[in-house]
Amino acid sequence: MATSRPVVSVYNFEDPSQKAGTLPMPEVLTSPLRPDLVREVHKNMSKNTRQAYAVKQKAGYDTAAESWGTGRAVARIPRAPGGGTHRAGQATFGNQARRGGMYNP
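Residues numbered from 1 in each chain as written. Predicted model: local features only at pLDDT ≥ 70, side-chain atom pairs only at ≥ 80, totals over all residues. Heavy atoms only, no water.

## Points about the overall build of the chain
This is how the line gets drawn: Only DSSP runs of H or I with at least four residues qualify as helices, and only runs of E with at least two residues qualify as strands; both kinds are numbered from the N terminus onward. Here the globule rule is a power law, 2.2 Å times the number of residues to the power 0.38, and the radius of gyration is based on C-alpha atoms. The buried label applies to any residue whose accessible area, calculated with a 1.4 Å probe on protein chains only, is under 20% of its type's maximum; exposed applies above 50%, and partly exposed to all values in between. Only heavy atoms matter for contacts: two residues are in contact if any of them lie within 4.5 Å across the pair. Note on areas: Shrake-Rupley, 1.4 Å probe, and residue coverage restricted to the protein chains presented here. Only four residue types enter the tally: Lys and Arg on the positive side, Asp and Glu on the negative side, with His and both chain ends excluded. One atom stands in for each charge, and that atom is NZ of Lys, CZ of Arg, CG of Asp or CD of Glu.
Within the chain, the secondary structure is distributed over 2 helices and 2 strands. Going from the N terminus to the C terminus, the chain shows its helices and strands as β-β-α-α. Relative to the 2.2 N^0.38 estimate, which gives 13 Å for 105 residues, the radius of gyration of the chain is 33 Å and therefore markedly larger than a compact globule would have. Within the chain, the fraction of its 105 residues that count as buried is 11%. Considering only intrachain contacts with a sequence separation of at least 6, the fraction spanning at least 24 residues in the chain is 17%. Here the chain has roughly 9400 Å² of accessible surface; of this, 55% comes from carbon and sulfur atoms. Here the chain carries 15 positive and 7 negative side-chain charges, and the mean point of each set is 20 Å from the other.

Geometry only, nothing functional implied.
Have a look at this one:
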């Protein structure tokens, strides 16, 4: 014995006030909602709006730094070139230096 399904009214496209007929409701719309599936779909759809926060591969290595060598009473880490800016002379490339490369990105 077939079970009866609810019916859906179909209306005329040109004149929405006129009813064109009825169709049985699709079976998938009459099934109960599973909270675990709703939670999983919502969780995965919310991931589409996240902003990336990983570092780029070459972060900290975008300068033509060279070491000053010995005899200047500073560490032998490469330093940013130039003059007249705050960046000139700052340590670069090292993972211990501010704005330097990350140890293991």
